[in-house]
Amino acid sequence: MSSVAVIDYGMGNLHSIVKALQHAAPEVDVVCVSDADSILDADRVVFPGVGAIRDCMQALDQSGLSDVIQQVAKSKPLLGICLGMQALLTDSEENNGTKCLDVFAGHVLHFPESLKDCDGNSLKIPHMGWNQVHQLQQHPLWKNIPQDSRFYFVHSYYAQPDDAALMAATTEYPDAFTCALAQDNVFAVQFHPEKSQAVGLQLLKNFLHWDGHA
Amino acid sequence: MSLAKRIIPCLDVDNGRVVKGVKFVDIRDAGDPVEIARRYDREGADEITFLDITATHDNRDTIVHVVEQVASEVFIPLTVGGGIRTLEDIRRMLNAGADKVGINSAAVFNPDFVREAAERFGSQCIVVAIDAKKVSLAGEPNRWEIFTHGGRKPTGIDAIEWAKKMVDYGAGEILLTSMDRDGTREGFDLPLTRAISEAVAVPVIASGGVGCLDHLADGVIEGKADAVLAASIFHFAEYTIEQAKQQMASRGIEVRL
């Protein structure tokens, strides 16, 4: 039986992600863990998160999990979700600048103020709801997910990698931003697959069968 | 390509059963919340909101069980409102599997509660529910006030100012209910919806008064709502969520089909 560790570092509620992983692949052992050994023992690792990046990085640094995640990023399939994705960049402009884990070279930026759609209506921040995910590359995690499927988002910041080749998908709000990143055995998404119904469960299922090679 | 406008069916839950009253009287039993939530998920609901109207404190656990059950098989965002008064109430709902909580009266009695809740759990899960009622007379400029106790008690607080304040305090979304329209099936209060939506930067969910599918589209087009919430038109299977989405799409609104 293969196993997946969901990293529990006190940032947000893991109920949904655990249930969704169990639902997506009942044959996989899903564990919610906060200690280095259990994370390093698992075959795959999910790094979720909601809230503010400074609290997130503080929690990771204090618990020693920053090093563990960086180690996982070099060794086995890792899926970053929402704040978990943002924490994998070099730094974020949230909370007056926060140093992050630097797994993906790049920055996390706030959506510009007073965005307008094509009809001149103000766009709301946070970007909340179901938006289309435009796949930019073939990847095992996109298997059986139609191009431009809608996933559920809720965020005010977005990742911008230095190297455009890492972009696995973009979403428009109103300009295209990076909503998925891929590099070797690491995949990260800004949206919430655990809240994105059938396509979200498919992505989780793909991750749980992924060997870490593009 | 852009962000879809959301359709959110709302389940008013009393002692573990879905009910829907017209202006809080004549409550009709609409069935088992878990079964109904499953159906809405299948039909393509973008989120589901549970409003706990259980009067007695002892029976509050029933809603926790409902949320737990739904969250283990329905993978779309879930919101729970009704009786959320303490950080512990919020924690309990989130642990049961809710993604957001709706804070209503507690925000009016203690606005700092919204700030504390947003700091503790993040704005993304704090929905402030606003019950507003028109207080201006015919011929006067529109003015709406916040009401509590199911629309019976005026507070003297201006609805637009209140919405702005709640966003400053950390609300990630506003659930706006017109107490004049709730249960009437006459459609949303569109000027109210538009005034609030244009006043705040966060998404606004229009609620109260939906009687037919065109009302939903009106809420988005004229009311500038980011999401529309309805209860009774979906409970009794008058319309499916899918029909509602087709109707919105036919009026040029982007929806998740």
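Residues numbered from 1 in each chain as written. Chains lettered and ligands numbered in written order. Predicted model: local features only at pLDDT ≥ 70, side-chain atom pairs only at ≥ 80, totals over all residues. Heavy atoms only, no water.

A short note on unusual backbone geometry
All names here are of chain A.
Next up, step 1: Cis geometry marks the peptide bond from I125 to P126, where omega comes out at 5 degrees.
Next up, step 2: Here P126 lies in the loop between β7 (106-110) and β8 (127-135).
Next up, step 3: In this model, D102 sits at a positive phi of 60 degrees, which is unusual for a non-glycine residue.
Next up, step 4: Looking at the element boundaries, D102 is found in the loop between β6 (98-99) and β7.
Next up, step 5: Phi angles above zero are rare outside glycine, and D148 is one such case at about 65 degrees.
Next up, step 6: Turning to its location among the elements, D148 is positioned in the loop between β8 and β9 (149-155).
Next up, step 7: What makes D148 partly exposed here is its relative accessible area of 22%. (Helix = DSSP H or I, 4+ residues; strand = E, 2+ residues; numbered from the N terminus. Buried < 20%, exposed > 50% of the residue type's maximum accessible area, 1.4 Å probe, protein only.)

Some remarks on helix α6 (residues 159-168) of chain B
Residue and element names in this part refer to chain B.
Next up, step 1: Every buried residue of α6 is listed here: A159, W162, A163 and M166. Seen along its axis, α6 keeps its buried residues to an arc of 100 degrees; they face one direction.
Next up, step 2: Directly after α6, the chain includes G170, whose backbone phi takes a positive value near 120 degrees. (Arc of directions from axis to C-beta.)

A few points about the interface of chain A and chain B
Next up, step 1: Taken together, the contacts link 29 residues of chain A with 35 residues of chain B.
Next up, step 2: Across the pair R150 of chain A and E254 of chain B runs a salt bridge, and its minimum N-O distance is 2.6 Å.
Next up, step 3: Taken together, chain A and chain B are joined by 16 residue pairs in polar contact (both at pLDDT 80 or more).
Next up, step 4: Contributing elements (two or more residues each) for the side of chain A that touches chain B: α1 (15-24), β8, β9 and α6 (197-208) of chain A.
Next up, step 5: Of all the elements, β8 of chain A adds the most residues to the side of chain A that touches chain B, at six residues. (Contact = heavy atoms within 4.5 Å. Salt bridge = Lys/Arg side-chain N within 4 Å of Asp/Glu carboxyl O. Polar contact = N/O pair within 3.5 Å; in protein donor to acceptor, adjacent residues only side chain to side chain.)

Some thoughts on the packing of aromatic side chains
One pair of aromatic rings is described through two measures. These are the centre distance and the angle between the planes.
Next up, step 1: The final tally for this structure, using the stated rule, is 12 aromatic pairs over all chains.
Next up, step 2: A ring pair is formed by W142 of chain A and F187 of chain A, whose centres lie 5.5 Å apart and whose planes are at 80 degrees; its orientation type is edge-to-face. Within this pair, whereas W142 of chain A is found in the loop between β8 and β9, its partner F187 of chain A is found in strand β13 (residues 186-189), the two being separated by 45 residues in sequence. Accessibility classification places W142 of chain A together with F187 of chain A in one group, the buried group.
Next up, step 3: Considering the side-chain rings of F153 of chain A and F191 of chain A, the 5.6 Å spacing of their centres and the 75 degrees angle between planes classify their relative orientation as edge-to-face. Note that F153 of chain A is positioned in strand β9 and F191 of chain A in the loop between β13 and α6, a separation of 38 residues in sequence. No difference in accessibility class separates F153 of chain A from F191 of chain A, as the two residues are buried.
Next up, step 4: Clustering of aromatic rings is evident, with ring pairs tying together F111, F151, F153, Y158, Y173, F177 and F191 of chain A.
Next up, step 5: For K133 of chain B, the ring lying beneath its charged end belongs to F147 of chain B, and the centroid distance is 4.9 Å. (Phe/Tyr/Trp six-rings, centres within 6.5 Å; stacked < 30°, edge-to-face > 60°. Lys NZ or Arg CZ within 6 Å of the ring centre and 35° of its normal.)

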